[in-house]
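# Notes for the structure review
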Amino acid sequence: MPEPAIEPKVRRASLLVQQKVFVVWYVLAFSLIMPAMVSAEDDAGSFLDRGISFAEKEDYSAAIAEYDNALNLDPNLAAAYFQRGYAYSGSGDIEKAIADYTQAINRDPNYANAYLYRGYAYGEKGDYDRAMADSSQAISVDPNYADAYVLHGYAYSKKGDYEWAIADYTQAIILDPNYAAAYKNRGDAYDSMGDSERAKADYAQAAMLDPNYARAEPDHARTAMLPPDDSNSPAAGVDAEAAYESPPIILARDETAGTAPQEDAGVYYDSGNAHYNKGEIDLAIADYTRAITLDPNLAYAYCNRGAAYYKKGNPDLAIADYTRALTIDSNYILAYTNRGNMYYNRGDLDKALADYVRANSIAPNDANAVQGIERVRQAQAQIQVQPEAQVNAAVGAQTYLPERILSGGSMSREKMAGFLLKNNQALGKRRDWVNNLIDIYIAEAGREGVNYEIAFAQMCYHTNYLKFEHTFAKAGTNNFCGINSLASEKKAYAFETVQIGVKAHIQHLKGYATGEPLKGICVDPRYQNIGKTHGFGSAATIDGLSGKWAGAGYAKEIRKILTAMYK
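All values reported here derive from a predicted model rather than from experimental measurement.

Enumeration according to the criterion identifies two cavities of 30 Å³ or more in this entry. Volume-wise, the largest cavity comes out at about 40 Å³. What lines the largest cavity is simply Arg-186, Tyr-190, Arg-198, Asp-202, Tyr-268, Ala-286, Asp-287 and Arg-290. For the lining of the largest cavity, the secondary-structure elements that each account for two or more residues are α9 (180–193), α10 (196–209) and α13 (281–294). Ranked by the residues each element gives to the lining of the largest cavity, the list is headed by α13, at three residues. When the residues that make up the lining of the largest cavity are grouped by side-chain class, the tally is three nonpolar, no polar and five charged.

Shown next, in the form of structure tokens:
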């Protein structure tokens, strides 16, 4: 399977950085997203609107009374529970706030804001496991929710998994490049890592984006984060320090602040290359992203970030980055050949050929372009002469059917979702949920270096394509691979969120493939048992799983599903 290449050093030697991380505190910032507008003729909605008006004035008692009236008229009004939970939080009653956020979620399981704010409340109580679970669920509902990634990072840091805390802050910045507080918090983390250069760069960026962070300096006991800029927030237009007293630790503005130091995108680009070459893909993506933020026309940073996204198992993001590089530089040969590789791997031969031919027209002697054209021509010739049963082999289904557990994947989310829906048409009404589930599989597998296609095939097998018919795994448990307790108990584990369940699956699969330590916190309750019963690294391939994960015919069943996926 052709893989992308990265652009080598362009400007100068890379900046050496240490790879430690530090816990940062995500201050409970009460930003309020206005619920969907309701008809003025709706009495419950009118009470809800009045409650919001009182909350904006911080008259929480009056707001709660209005929300009570709304709920008396409509006990299933999820927005009223959410807003009342916010009001209870503002008045300091965290337990009642949690109860109301839970009621909102019970009535609307896709209420991302309710998950996030309940996570904030759990964080206030020091219950970081639940804060992590709720922020994970918010991300599952809305993968572009930057605030949820910040809370998730905070929860990771409190549990001691500092590397992924940094990754989460970075993801928040990728989603919102103007998120000043995320830069400030990440700066504190870098400072604790001993990486003063990156810390200074993040502090400078935070100060440029928001004057409240002028002359930002490390204060790890009191790491600050301003509330998101939301015109619908009850505190909109109110002085930040006066409005957020529980517990707002806001850095005071320093009118004597000097000009923020200038940064060099090339330094981050080179550092990204260094991380990429050492296999530190998340750190590489963070550096390439920083370089792009500083210089949006840095085509080769987009190209290399695309290669890194491919390594993480996300070919769609890779293609997007190669395309962006080509809009900047229409003669960028490496971006054409890398994008051609992505198209070839997913079986889109026409698009792959077009990219290879374009690269060849620019540089007739470029080996990647020449080899790509030949590869596509051979595949096309096989398709023309072979019966349908052999067509997929021509484009990679058989030739590139994954065997090694520690390997990259290439199949797009769309193709995987289509395969799942073909085998379970009832999921058609939950297409967004299916897409989120696949995104989580791709991301979690990428973190641990596991092939997400193999894991996805296992999920299809163990859940009967999420029908949960005649399966050991049960619906509602977020157990997608049949991880069970002691054999004598014959009981499958349940996981609090989809993301935790998928993470446990990926960790379990990695344990069979290698003895290398996990990248994230272990959530697989049977992970250590692998070492005791079969030995870590005892099944490097699909065949090795037979007789260990399941019976002697297990590999054959998984391979059958993979073959069908590639058709």
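What follows covers the environment of Leu-349. Relative to the helices and strands, Leu-349 is located in helix α17 (residues 349–362). For Leu-349, a relative accessible area of 7% gives the class buried. C-alpha separation for the pair Leu-349 and Ile-373, spaced 24 residues apart in sequence, amounts to 9.9 Å.

The next thing to look at is the layout of surface pockets. By volume, the largest pocket is sized at about 1,000 Å³. Looking at the largest pocket, it is lined by 38 residues, and the ones nearest its centre are Tyr-149, Gln-171, Asn-314, Leu-317 and Ala-443. At the level of elements, α6 (128–141), α7 (146–158), α8 (162–175), α13, α14 (299–311), α15 (315–328), α20 (413–423) and α21 (431–448) are the ones that each hand at least two residues to the lining of the largest pocket. Tallying contributions element by element places α8 first for the lining of the largest pocket, with nine residues.

This part takes up the packing of helix α12 (residues 265–277) against α14. Across the interface, α12 lies against α14 with an axial gap of 11 Å and an inter-helix angle of 25°. Regarding the angle of α12 to α14, the classification is roughly parallel. Here the hand of the crossing between α12 and α14 comes out left-handed. Every residue of α14 that contacts α12 at Tyr-269, Asn-273 and Tyr-276 is listed here: Tyr-300, Ala-301, Asn-304, Ala-307, Ala-308 and Lys-311.

For the pair helix α3 (residues 78–90) and helix α4 (residues 94–107), the least separation of the axes is 8 Å and the interaxial angle reads 165°. As the angle between them shows, α3 and α4 are arranged roughly antiparallel. Crossing of α3 against α4: the hand is left-handed. On the side of α3, the interface is formed by Ala-78, Tyr-81, Phe-82, Arg-84, Gly-85, Tyr-86, Tyr-88 and Ser-89, while α4 contributes Lys-96, Ala-97, Asp-100, Tyr-101, Gln-103, Ala-104 and Arg-107. Per-class residue counts for the contact of α3 with α4 are eight nonpolar, three polar and four charged.

With that out of the way, let us pick up the nonpolar core. One finds Leu-420, Phe-456 and Met-459 to be the most contacted residues of the largest nonpolar core, which totals 55 residues. For this core, the elements supplying multiple residues, two or more each, are α20, α21, α22 (452–463), α23 (498–513), α24 (527–533), α25 (542–545) and α26 (554–565). Considering every element that reaches this core, the biggest residue donor is α23, with eight residues. Excluding anything up to four places from it in sequence, Met-459 contacts Leu-420, Leu-437, Tyr-441, Asn-464, Leu-466, Phe-480 and His-505. Judged by nonpolar contacts, the second largest core, of 49 residues, contains Ala-97, Ala-146, Ala-148 and Tyr-183.

Moving on, we come to the side chain of His-462. By secondary structure assignment, the location of His-462 is in helix α22. On the basis of relative accessibility, which here comes to 13%, the residue His-462 falls in the buried class. For His-462, the side chain forms a polar contact with the side chain of Trp-549, separated by 3.2 Å. Ignoring sequence-local partners within four residues, the contact set of His-462 consists of Thr-471, Ala-473, Phe-480, Cys-481, Gly-482, Trp-549 and Tyr-554.

Quick look at α26 now. An ideal rise of 1.5 Å per residue puts 16 Å on twelve residues; α26 measures up with 17 Å between its terminal C-alpha atoms. Among the residues making up α26, those that are buried are Tyr-554, Ala-555, Ile-558, Ile-561, Leu-562 and Met-565. Buried residues in α26, looked at end-on, bunch into an arc of 130°, giving them a common side. Looking at α26, the residues exposed on the side facing more than 90 degrees away from the buried face are Lys-556 and Lys-560. Among the structural elements, α20, α22 and α25 are those in contact with the buried residues of α26.

Between side chains of opposite charge, pairing is possible as soon as their charged atoms come close. Counted by the stated rule, this structure contains 17 salt bridges. Its salt-bridge partner being Asp-321, residue Arg-305 comes within 2.7 Å of it at the nearest N-O pair. Pair noted here: Arg-305 is in helix α14 and Asp-321 is in helix α15, with a separation of 16 residues, a long-range link. By the burial criterion, Arg-305 is buried, and Asp-321 matches it. Across the salt bridge formed by Lys-560 and Glu-557, the nearest N and O atoms sit 3.8 Å from each other. Of the two residues, Lys-560 and Glu-557 are both situated in helix α26; the distance of three residues between them amounts to about one turn of the helix. A relative accessible area of 28% places Glu-557 in the partly exposed class.

On to the environment of Ile-500, then. Here Ile-500 is to be found in helix α23. On a C-alpha basis, the gap between Ile-500 and Val-523 in space is 6.9 Å, while along the polypeptide they are 23 residues apart.

One non-glycine residue, Tyr-465, lies in positive phi territory at about 60°. Residue placement: Tyr-465 occurs in the loop between α22 and α23. The phi angle at Phe-468 is positive, at roughly 55°, despite the residue not being glycine. Relative to the assigned elements, Phe-468 resides in the loop between α22 and α23.

Our next topic: α20. Within α20, the full set of buried residues consists of Met-416, Ala-417, Phe-419, Leu-420 and Leu-421. Contacts from the buried residues of α20 go to α21, α22 and α26.

Scoring rules and cut-offs
Residues numbered from 1 in each chain as written. Predicted model: local features only at pLDDT ≥ 70, side-chain atom pairs only at ≥ 80, totals over all residues. Heavy atoms only, no water. 1 Å grid on protein atoms, 1.4 Å probe; cavity = no way out; pocket = protein on both sides within 12 Å on 5 of 7 lines; lining within 4 Å. Points joined across faces, edges and corners; volume = space filled by probe spheres on them. Helix = DSSP H or I, 4+ residues; strand = E, 2+ residues; numbered from the N terminus. Nonpolar A, V, L, I, M, F, W, Y, C, P; charged D, E, K, R; others polar. Buried < 20%, exposed > 50% of the residue type's maximum accessible area, 1.4 Å probe, protein only. Axes fitted to C-alpha atoms, helices over the stretch in contact; angles between N-to-C directions. Parallel < 35°, antiparallel > 145°, perpendicular 65-115°, else oblique. Left-handed = near helix turned anticlockwise from the far one by under 90°. Contact = heavy atoms within 4.5 Å. Core = buried A, V, L, I, M, F, W, Y, C linked by side-chain atoms within 4.5 Å. Polar contact = N/O pair within 3.5 Å; in protein donor to acceptor, adjacent residues only side chain to side chain. Expected span 1.5 Å × (residues − 1). Arc of directions from axis to C-beta. Salt bridge = Lys/Arg side-chain N within 4 Å of Asp/Glu carboxyl O.

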